[in-house]
Amino acid sequence: MNETSPAVRPPAGPEAAPGRIVLLTTSHRVAPGLLSWPAWQALRGADAVLCADGAHPQLPYLREAGIAVAQASPTAQELVDACAGGRTVVVVATGEGEPALTDGLARLAGSGRVAMPDLELLPASYDLPGARLLDLVQVMDRIREECPWSSRQTHEGLAKYAIEEAYELVEAIEAGDRVELREELGDVLLQVVFHSRIAEEHPDAPFSVDDVAGGIVAKLIRRHPHVFGDERAETPEDVKEHWLRTKAEEKQRTSVTDGVPLGQPGLALAAKLASRVRTADLDVPVPEGDGIGYELLALAVRAEADGVDPEAALRAAARAYRDAIRAAEGAPAADGAEEDEG
């Protein structure tokens with residue numbers, strides 16, 4: 001600003017104490033007006049409250065509470081001068097956090113030629129756990145509206161990516177790569193948010209990511225009566241029994257095989273069916289027949305009974321096979337090579 005604003009004009013008279021600057025930060029992921037008690041104390045006790053953004057979402061709530069807020073963008077020196085005489089000035093930071101102002105104050109302090117006010121960074125509101133998910137929803141909404149590729153996508157067109165991302169997540173888990181795991185979890189989460197955003201546009205049966213989240217929250221509560229209700233579960237087996245029983249009641253299924261996706265990889269499918277049989281305490285002999293298919297079926301059922309994931313075991317063996325091939329070729333070992341398991 002070229003001229004000192006009345007809101008930041010230093011008091012007349014001899015200099016006294018250098019005063020105090022409070023930089024008040026807020027989270028845009030929390031509803032405006034929900035500020036901490038120290039923040040309200042600082043605002044009510046300030047000699048001046050400034051904000052560079054006249055459209056800052058907090059301003060209507062501050063003014064409703066009787067806090068006079070002046071729209072001003074003081075320089076570092078102007079702000080220091082405004083604190084002369086022991087005054088307290090609160091700066092309601094914009095979303096960027098006022099980097100130019102804080103850099104200017106740091107330069108003044110480093111010069112050693114200025115009596116600096118006390119500088120306090122006061123977070124007035126904090127992100128709640130999961131708050132960054134709101135950012136993801138907002139970003140996805142904009143991409144859907146403005147990106148030429150994303151705006152044309154459908155559930156059907158994106159289906160293959162969900163499968164690919166799920167496999168990449170499994171690979172990161174099996175490789176034990178924490179950085180890759182975090183990234184792949186994000187890619188899987190993106191699929192959920194993307195499909196939910198597309199679903200909002202359905203002409204007859206729209207739903208949003210809030211509906212998706214609300215549905216899974218309700219399901220988790222229903223299927224954990226030992227956590228949210230009066231039932232008891234002492235072992236993981238008890239929990240699984242609760243889960244399958246409530247699931248059967250919800251779906252009104254007539255067979256333990258209902259809901260098992262037949263399109264999944266063969267070993268995983270066989271193991272899933274064997275798990276359903278074992279959990280339901282059914283006596284179902286493994287079918288016998290000629291051919292490798294029946295042999296693989298028997299191996300998958302045996303692996304499931306022994307607590308081994310046959311798909312993961314075969315992938316580990318396949319990676320060992322890959323490394324043997326590369327060794328025979330004289331090629332270096334591939335990244336993420338693992339020992340055999342199972």
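See the structure above.
This is a predicted model, so every value here is computed, not measured.

(A) Structural view of the overall build of the chain. Looking only at helices and strands, one finds 13 helices and five strands in the chain. Here the chain has a C-alpha radius of gyration of 31 Å; the compact-globule value for 342 residues is 20 Å, and the former is much larger. Structurally, the chain occupies a C-alpha span of about 100 × 60 × 45 Å along its principal axes. Burial status across the chain gives 30% buried among its 342 residues.

(B) The arrangement of helix α1 (residues 37–45) in detail. For α1, the complete set of buried residues consists of Ala39, Trp40, Ala42 and Leu43. Across the axial projection of α1, the buried residues extend over an arc of 160°, all falling on one side. Pointing more than 90 degrees away from the buried face of α1 are the exposed residues Trp37, Arg44 and Gly45. Where the residues of α1 are buried, they touch β1 (20–25), β2 (48–51), α2 (59–64), β4 (88–92) and β5 (118–123).

(C) Focus on the packing of helix α11 (residues 266–279) against helix α13 (residues 310–329). At their nearest, the axes of α11 and α13 sit 8 Å apart, and the two run at 150° to each other. Here α11 lies roughly antiparallel to α13, going by the angle between them. Across from Gly266, Leu267, Ala268 and Ala271 in α11, the residues of α13 making contact are Pro310, Glu311 and Leu314. Of the residues in the contact of α11 with α13, the class split is five nonpolar, one polar and one charged.

(D) View of a nonpolar patch on the surface. On the surface, a cluster of nonpolar side chains totalling about 520 Å² of accessible area is made up of Ile216, Val217, Leu220, Ile221, Val227 and Phe228. Those elements that provide at least two residues to the nonpolar patch are α8 (209–222) and α9 (225–228). Ranked by residue count, the leading element in the nonpolar patch is α8, at four residues. With respect to the element layout, Phe228 can be found in helix α9.

(E) Expanded view of a negative patch on the surface. Together, Glu164, Glu168, Glu171, Asp177, Glu180 and Glu183 make up a negatively charged patch on the protein surface. For the negative patch, the secondary structure elements donating two or more residues are α6 (155–175) and α7 (178–199). For the negative patch, the leading source of residues is α6, giving three residues. Among the secondary structure elements, Asp177 is positioned in the loop between α6 and α7.

(F) How the structure looks around α7. Here α7 is 22 residues long and its end C-alpha atoms lie 32 Å apart, about the 32 Å a rise of 1.5 Å per residue gives. Residues Leu181, Glu184, Gln191, Val193, Phe194, His195, Ser196, Arg197, Ile198 and Ala199 constitute the buried set of α7. Of the surrounding elements, those touching the buried residues of α7 are α5 (132–146), α6 and α8.

Procedures and definitions
Residues numbered from 1 in each chain as written. Predicted model: local features only at pLDDT ≥ 70, side-chain atom pairs only at ≥ 80, totals over all residues. Heavy atoms only, no water. Helix = DSSP H or I, 4+ residues; strand = E, 2+ residues; numbered from the N terminus. Rg over C-alpha atoms; globule rule 2.2 N^0.38 Å. Buried < 20%, exposed > 50% of the residue type's maximum accessible area, 1.4 Å probe, protein only. Arc of directions from axis to C-beta. Contact = heavy atoms within 4.5 Å. Axes fitted to C-alpha atoms, helices over the stretch in contact; angles between N-to-C directions. Parallel < 35°, antiparallel > 145°, perpendicular 65-115°, else oblique. Nonpolar A, V, L, I, M, F, W, Y, C, P; charged D, E, K, R; others polar. Patch = residues over 30% accessible without salt bridge, like charges linked within 9 Å, V, L, I, M, F, W, Y side chains within 5 Å. Areas by Shrake-Rupley, 256 points an atom, 1.4 Å probe, with all protein chains shown as cover. Salt bridge = Lys/Arg side-chain N within 4 Å of Asp/Glu carboxyl O. Lys, Arg positive; Asp, Glu negative; His and termini not counted. Charge placed at Lys NZ, Arg CZ, Asp CG, Glu CD. Expected span 1.5 Å × (residues − 1).

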